[in-house]
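# Close look at the chain arrangement
Here is what each chain is made of, one letter per residue.
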Amino acid sequence: MVGFARTPIVLVLLLGACVKSQAVACGDLLCPEGSVCAKGSLCVSESLATACSGRAEGETCTLSELGTGTCKDGLCITGRCGDGMVNGIEACDGAELRGHTCLEFGSKDAAGLKCTADCSLDTSGCNGICGDGHKGATEDCDGNDFGGKTCTDFSPDGTMNKYYQGGMLACANDCKINSAGCAIGGWCGNGRKEPGEDCDDSDFGQPAGQPPPSCMSLGHPGPVTPPACDLATCTFTENTCSCGLNGICPAATPTCVNTNGTFSCK
């Protein structure tokens, strides 16, 4: 929820012109002549303060422009919060938002702004405000909200393969996803055989320093040459372990050889 100083419908004078004299400091603003600073950051007509000069909190006051009001925080406030009209220093009242929309608060969607019971603006329903912890339609993520996506939805740079589960996504300050932490979970093509893979490049799960297994040692018929690994799927390329009739090379030429992609018994 964002609390904003409430503004009168007629008498509030926001700084919109060049101030030449009698300026009053008000937060980051300079209130023009004839106005005073309210709530620390809002310039209002001096008549609101004059009407309550010497009067106690809650006492009746009168404004020639707006009629009878009540002194609140040293200002004469007409109307009341909850009457459906923006009065005194209210930012909104009920459905009356005085033209404010979520676009003013960084959202890409105008809808969603609400008014609180104390007549302050509430941006919690605004969509797509980066940093509010809720992923908007135009955001990749926001805080811990990734829209249901996990590492398995993303690919390492330069590959078409996906990360495996085990890493963790991060959301940057601009609400863009950073998938660098997904690498800890691994992916097909990183050269390291991981659970669920038959192999990865030349890694068939053999002990360090040992050659990869042969097709025969893996239960394939015929050749004794090392099998190839499909880097797109991290599975054995079956035709490297299949030659001749029914995948078995004859005794005279028992070895299956891959020559520029052509497999034959030799």
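Residues numbered from 1 in each chain as written. Predicted model: local features only at pLDDT ≥ 70, side-chain atom pairs only at ≥ 80, totals over all residues. Heavy atoms only, no water.

All right, on to the pattern of salt bridges then. Counting across every chain of the model gives 2 salt bridges. Across the salt bridge formed by R55 and E59, the nearest N and O atoms sit 3.4 Å from each other. When its relative accessible area of 41% is taken as the criterion, R55 is described as partly exposed. When the shortest N-O distance is used, the salt bridge between R192 and E194 registers 2.6 Å. A residue is classified by how much of its surface remains accessible, and E194, at 8% relative accessible area, is buried. (Salt bridge = Lys/Arg side-chain N within 4 Å of Asp/Glu carboxyl O. Buried < 20%, exposed > 50% of the residue type's maximum accessible area, 1.4 Å probe, protein only.)

Next up on the list: the state of the cysteines. Inspection of every chain in the model, using the stated rule, returns 9 disulfides. There is a disulfide in this structure between C188 and C234, and the S-S distance comes to 2.2 Å. Measuring handedness by torsion sign, the sulfur bridge of C188 and C234 sits at about 105° and is right-handed. With C188 in the loop between β11 (177–178) and β12 (229–230) and C234 in the loop between β12 and β13 (235–236), the pair connects residues that are 46 residues apart, well separated along the chain. Between the sulfur atoms of C199 and its disulfide mate C229 the distance is 2.1 Å. What sets the handedness of the C199 and C229 disulfide is the S-S torsion sign, and at about 95° it is right-handed. Here C199, found in the loop between β11 and β12, pairs with C229, found in strand β12; they are 30 residues apart in sequence, far enough to count as distant. (Disulfide = S-S within 2.5 Å. Helix = DSSP H or I, 4+ residues; strand = E, 2+ residues; numbered from the N terminus.)

What the 3 strands build is an open sheet, ordered β5-β6-β7; its pairing is antiparallel. Unpaired on one side and paired on the other, β5 (60–63) and β7 (75–77) mark the two borders of the sheet. Geometrically, the sheet is characterised by an average inter-axis angle of 50° between neighbouring strands, direction not taken into account. In this structure, strand β6 (residues 67–72) lies alongside β7, joined through 3 bridges in antiparallel fashion. (Pairing = 2+ DSSP bridges. Axes fitted to C-alpha atoms, helices over the stretch in contact; angles between N-to-C directions.)

The next point concerns the nonpolar core. Counting residues in hydrophobic clusters, the biggest one holds 9 residues: A91, C92, L97, C102, L113, C115, L121, C126 and I129. Residues contacting C102, with those up to four places away along its chain left out, are S107, D109, A110, A111, G112, L113 and C126. Core analysis: the second largest hydrophobic core is formed by 8 residues, C151, F154, Y163 and W187 among them. (Core = buried A, V, L, I, M, F, W, Y, C linked by side-chain atoms within 4.5 Å. Contact = heavy atoms within 4.5 Å.)

Moving on to the confidence of the model for the protein chain. Per-residue confidence for the protein chain averages 79 on the pLDDT scale, and 80% of its residues sit at or above 70. Looking across the protein chain, the model is least confident in strand β15 (residues 262–265), with a mean pLDDT of 72, and most confident in strand β10 (residues 170–171), with 96. In the predicted structure, residues 1–21 sits below a pLDDT of 50 and forms 63 contacts with residues beyond four places in sequence or in another chain. (pLDDT = per-residue confidence, 0-100.)

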